[in-house]
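Here is what each chain is made of, one letter per residue.
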Amino acid sequence: MIERKREFSRRELRWFGPLFALFGAVLGGIAQWKFGAAVTANAIWLACAVVIAVYYAAPPLRRPIFAAWLALVFPIGWVLSHVLLSIVFYAVVFPTGLALRLFRHDPLRRRFDRRAETYWIQRETRTGARRYFRQY
């Protein structure tokens, strides 16, 4: 299970202010440029400015503000990570495995062979110092 982080370093707290300001500026800019919503953009910029002002004016409130932000965006991160993993699995891993099974390709040589005396694969031995750089 994924758990939210509860303890934060000074570095994380220091970087949150500028990154939150950048996030608010970009989000407000998108609202105004793409959707033509000047009132919404101004509201986003004002809300971010208030949060950043409180964040820097009251240092004891930095941890709770940062924790609240992480709690707010945690579900978004959880859903996106699961969606992206599902897309990668069903777009890459599943078709590759299906193709290998359809064409009966066994790259790990796991098939049971009743006629084989051993499953040992004989490799040529290498000598010299170059073998240390290519161990496998």
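Look up: the structure comes first, before these words.
Residues numbered from 1 in each chain as written. Predicted model: local features only at pLDDT ≥ 70, side-chain atom pairs only at ≥ 80, totals over all residues. Heavy atoms only, no water.

(A) Focus on the overall build of the protein. Helix and strand counts for the protein come out as 3 helices and 0 strands. Start at the N end of the protein and walk to the C end: the helices and strands fall as α-α-α. Along the longest, intermediate and shortest principal axes, the C-alpha atoms of the protein span 75 × 40 × 30 Å. Relative to its full complement of 136 residues, the protein shows a buried share of 11%. Pairs at least 24 apart in sequence give 52% of the contacts found in the protein among residues at least 6 apart. Accessible area for the protein stands at about 12400 Å²; split by element, carbon and sulfur atoms hold 65% of it. One way to put it: in the protein the 21 positive side-chain charges average out to a point 8 Å from where the 7 negative ones average out. (Helix = DSSP H or I, 4+ residues; strand = E, 2+ residues; numbered from the N terminus. Buried < 20%, exposed > 50% of the residue type's maximum accessible area, 1.4 Å probe, protein only. Contact = heavy atoms within 4.5 Å. Areas by Shrake-Rupley, 256 points an atom, 1.4 Å probe, with all protein chains shown as cover. Lys, Arg positive; Asp, Glu negative; His and termini not counted. Charge placed at Lys NZ, Arg CZ, Asp CG, Glu CD.)

(B) A look at the packing of helix H1 (residues 10–35) against helix H3 (residues 62–102). Where H1 contacts H3, the axes come no closer than 11 Å and their chain directions differ by 55 degrees. Of the possible angle classes, the one that applies to H1 and H3 is oblique. The chirality of how H1 crosses H3 is left-handed. Only Arg62, Arg63, Ile65, Phe66 and Trp69 of H3 make contact with H1, whose side of the interface consists of Glu12, Leu13, Phe16, Phe20 and Phe23. Here the contact of H1 with H3 is composed, by residue class, of 7 nonpolar, no polar and 3 charged. (Axes fitted to C-alpha atoms, helices over the stretch in contact; angles between N-to-C directions. Parallel < 35°, antiparallel > 145°, perpendicular 65-115°, else oblique. Left-handed = near helix turned anticlockwise from the far one by under 90°. Nonpolar A, V, L, I, M, F, W, Y, C, P; charged D, E, K, R; others polar.)

(C) Layout of the environment of Asn42. With respect to the helices, strands and loops of the structure, Asn42 is situated in helix H2 (residues 38–57). Residues Asn42 and Arg131, spaced 89 residues apart in sequence, show a C-alpha to C-alpha distance of 65 Å.

(D) Structural detail: unusual backbone geometry. The phi angle at Arg104 is positive, at roughly 50 degrees, despite the residue not being glycine. Looking at where Arg104 falls in the secondary structure, it is placed in the segment after H3.

(E) Seen up close, the nonpolar core. With 12 residues, the main nonpolar core is built from Phe8, Leu13, Phe16, Phe20, Ala31, Ala41, Ile44, Cys48, Ile52, Tyr55, Ile65 and Phe66. When contributions to this core are tallied by element, the ones reaching two or more residues are H1, H2 and H3. The leading source of residues in this core is H2, at 5 residues. (Core = buried A, V, L, I, M, F, W, Y, C linked by side-chain atoms within 4.5 Å.)

(F) Focus on a nonpolar patch on the surface. Together, Val88, Phe89, Tyr90, Val92, Val93, Phe94, Leu98, Leu102 and Phe103 give the surface a local cluster of nonpolar side chains, amounting to about 950 Å² of exposed area. Exposure remark for Phe94: the relative accessible area of 42% places this residue in the partly exposed category. (Patch = residues over 30% accessible without salt bridge, like charges linked within 9 Å, V, L, I, M, F, W, Y side chains within 5 Å. Salt bridge = Lys/Arg side-chain N within 4 Å of Asp/Glu carboxyl O.)

(G) Representation of the packing of aromatic side chains in the model. Scanning all chains against the criterion turns up 11 aromatic pairs. When the ring of Tyr55 is compared with that of Tyr56, the centres are 5.3 Å apart and the planes differ by 85 degrees; the resulting orientation is edge-to-face. For Tyr55, a relative accessible area of 1% gives the class buried. When its relative accessible area of 39% is taken as the criterion, Tyr56 is described as partly exposed. What links up through ring pairs into an aromatic cluster is the set Phe8, Phe16, Phe20, Phe23, Tyr55, Tyr56, Phe66 and Trp69. (Phe/Tyr/Trp six-rings, centres within 6.5 Å; stacked < 30°, edge-to-face > 60°.)

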